[in-house]
Amino acid sequence: MTGLSRRDALTGAAGLAAAALAGGAAAAPSRAPIPYGSAAQIQTFRADPRYRDALKRLCDVIVPMNDLKWEALRHDRARFDFSGADELVDFALKNGQALRGHALLWGMALPPWAKEMASRAEAERELTRHIETVVDRYKGKIATWDVVNEVIAFDPKPGEPYRDTIWQRLLGPGHVEIAFRTAARVDPQARLVLNDFNFEEAGPGVAARRKIALETVRRLKDKGIPIHGVGMQAHLYAENAIDSDGVRSFVADLGKLGVDVEITELDVIDWKLPADTAARDRTAASLVSTYLEAVVSGGQPKAIVTWGLTDRYSWVHDTFPRKDSAKARPLPLDEDYRPKPMMRVLDQYRRGRS
Ligand code: XIL
């Protein structure tokens, strides 16, 4: 994928993470290739031909980063604006790439009118109409949907599994079921996913989040409501360790319930790392390697998607700025589209091994 020779990939300290994996390849069990993809931002997509080229060259999967969010589609209550999403969907289809749709229900990125909804009936009507219209438009084109995004409470208290959002306030925990039921009714072929962040760190809060994800899957299945996967966003904080055992058993437990996982928004938040860029890139690659090894030891993910491709453009710059104001390096390509050590790690999963 990156056009690197084996020698390049294994040369120097930068190749250490890759070398560790490659070195074990003879003894390691075979692994099927895992499709790789990226989220794509429409403004950048329109402005930068190198960005379009990289998306086309490197990705099996494309995710419109913001253009399927309510804020983009439903700026006017009466009218849907599909312009940005259509452009990215057409691009992916033309290139033979698969699409993930992000996201049908989220407590954030809502237009002002949606935040002012006041009754259960209104919320249910709008949510149902939204999912019917959006899923129907992309039926047969968008194969996988993040049906519900970031619904699990950040640090859950007993009896309060879900986040305090307009949906939770007006519809209660049943909003999750309404969303999955509606999506399944409109496109019975679609793969329907519960997408959320921080399933990977240690500690009781994260363990509680995993438990809520498992319970949600079980509840939907018990009620006969289709759910096919859990999306693990994987915005990895470089200063925090990965709980590999916790990740492995989470993925395995989901497998026992009959759902797969996919990595949906992978990037590395490097705001607390020392400035040296080569060292930051090595740490990021090794963190991604540790994380992906933990995931695959529990089960085969359906896809690995990074939240952007190049350090030139990322939400991490604004959301997690560094104190020294050096530019963040969260993604597999550097600012000039050169592959970083992280790309070599991703490449190994994309290729699989026989
Ligand atoms: C982010 C985008 O990357 C930004 O461009 C936008 O301004 C805000 O949203 N979790 C999610 C994503 O599910 O939708 C968010 O994307 C990042 C965190």
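Up top is the structure these notes are about.
What you are looking at is a predicted structure, and each value in this text was computed from that prediction instead of being measured.

**Q** Quick one: what's the story with empty space enclosed by the protein, residue by residue and with numbers?
**A** The tally for this structure, following the rule as stated, stands at 1 cavity of 30 Å³ or more. Along the walls of the largest cavity sit E200, E201, L236, Y237, N240, A241, I242 and L287, which together make up its complete lining.

**Q** Let's hear about the site of the ligand: which residues, and what values?
**A** Inspection of the region around the ligand gives M65, N66, K69, H102, W106, N149, E150, Q233, H235, E265, W307 and W315 as its neighbouring residues. Residue Q233 places a side-chain N or O atom 3.3 Å away from an oxygen atom belonging to the ligand. The side chain of W307 places a nitrogen or oxygen atom 2.9 Å from an oxygen atom of the ligand. With the chains in place, 75% of the 420 Å² that the ligand exposes on its own is no longer accessible. When the residues that make up the shell around the ligand are grouped by side-chain class, the tally is 4 nonpolar, 5 polar and 3 charged.

**Q** Account for helix α15 (residues 341-351), naming residues and giving values.
**A** In terms of burial, α15 is largely enclosed, as 10 of its 11 residues are buried. Taken from the residues just after α15, G352 is the one with a positive phi, measuring 70°.

**Q** Break down the layout of surface pockets for me, citing the residues and quoting the values.
**A** One simple way to see leftover space: roll a probe sized like a water molecule over the atoms. In this structure, the largest pocket spans a volume of roughly 490 Å³. Lining the largest pocket are 24 residues, and of these E150, F197, Q233, H235 and W315 sit closest to its centre. The set of elements that each furnish at least two residues to the lining of the largest pocket consists of β3 (98-106), β9 (235-237), β10 (260-269) and α14 (315-319). In terms of residue class, the lining of the largest pocket is built from 10 nonpolar, 8 polar and 6 charged.

Definitions and limits used
Residues numbered from 1 in each chain as written. Predicted model: local features only at pLDDT ≥ 70, side-chain atom pairs only at ≥ 80, totals over all residues. Heavy atoms only, no water. 1 Å grid on protein atoms, 1.4 Å probe; cavity = no way out; pocket = protein on both sides within 12 Å on 5 of 7 lines; lining within 4 Å. Points joined across faces, edges and corners; volume = space filled by probe spheres on them. Near = heavy atom within 4 Å. Polar contact = N/O pair within 3.5 Å; in protein donor to acceptor, adjacent residues only side chain to side chain. Areas by Shrake-Rupley, 256 points an atom, 1.4 Å probe, with all protein chains shown as cover. Nonpolar A, V, L, I, M, F, W, Y, C, P; charged D, E, K, R; others polar. Buried < 20%, exposed > 50% of the residue type's maximum accessible area, 1.4 Å probe, protein only. Helix = DSSP H or I, 4+ residues; strand = E, 2+ residues; numbered from the N terminus.

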